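The residues making up each chain are set out below.
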Amino acid sequence: MGIQWKDGFSAHVELFLLVEDKKLRVAQVGPESLILRDTCTIPPGTRGRIVIKVDDRRKSMTWSRTTELLRGPKESNSSNWPRDA
């Protein structure tokens, strides 16, 4: 667990997308979108896993690329977002 402070807790949190052997930094996720921190190209149909780590706990879910273009940082990119653990 994180460090307890007077007004709450602090935790080490990581959010990333694993595609093949690449670990891509994620800035933000939504119910049907994600925003990568860095510009990259991911072809349609590519599959990967979104990983969320909080302290020593890790949860991941499948992800697949369904739009034609992956734009740079701060732009939304649609995905197929299955609800699995």
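Residues numbered from 1 in each chain as written. Predicted model: local features only at pLDDT ≥ 70, side-chain atom pairs only at ≥ 80, totals over all residues. Heavy atoms only, no water.

**Student:** Before we go on, may I ask you to explain the environment of Gly48 in this structure?
**Tutor:** Within the secondary structure, Gly48 sits in strand S6 (residues 47-54). For Gly48, a relative accessible area of 11% gives the class buried. Remark: the alpha-carbon pair of Gly48 and Met61, spanning 13 residues in sequence, is separated by 8.5 Å. (Helix = DSSP H or I, 4+ residues; strand = E, 2+ residues; numbered from the N terminus. Buried < 20%, exposed > 50% of the residue type's maximum accessible area, 1.4 Å probe, protein only.)

**Student:** So what exactly am I meant to see when it comes to the environment of Arg58 here?
**Tutor:** Counting through the fold element by element, Arg58 comes out in strand S7 (residues 57-65). When the C-alpha positions of Arg58 and Glu14 are compared, they lie 9.2 Å apart, and in sequence the two are 44 residues distant. Excluding residues that lie within four positions of it along the chain, Arg58 makes contacts with Leu18, Val51, Ile52 and Lys53. (Contact = heavy atoms within 4.5 Å.)

**Student:** Any chance you could explain the pairing of strand S5 (residues 33-36) here in plain terms?
**Tutor:** Each regular strand carries side chains that alternate between the two faces of the sheet. Pairing of strand S4 (residues 22-30) with S5 involves four bridges; the strand directions are antiparallel. Paired with Gln28 across the strands is Ile35, a residue of S5. Connecting the antiparallel pair S4 and S5 is a turn made up of two residues. (Pairing = 2+ DSSP bridges.)

**Student:** It is not clear to me how the side chain of Arg65 should be interpreted in this structure. Could you clarify?
**Tutor:** By the secondary structure assignment, Arg65 is in strand S7. At 3.0 Å, the side chain of Arg65 forms a polar contact with the backbone oxygen of Ile42. (Polar contact = N/O pair within 3.5 Å; in protein donor to acceptor, adjacent residues only side chain to side chain.)

**Student:** What is the right way to read the packing of aromatic side chains from this model?
**Tutor:** Using the criterion set out here, one finds zero aromatic pairs in the structure. Its guanidinium or amino end placed over the ring of Phe16, Lys23 lies 4.3 Å from that ring's centre, counting from NZ or CZ. (Phe/Tyr/Trp six-rings, centres within 6.5 Å; stacked < 30°, edge-to-face > 60°. Lys NZ or Arg CZ within 6 Å of the ring centre and 35° of its normal.)

Taken by themselves, the reported measurements are silent on function.
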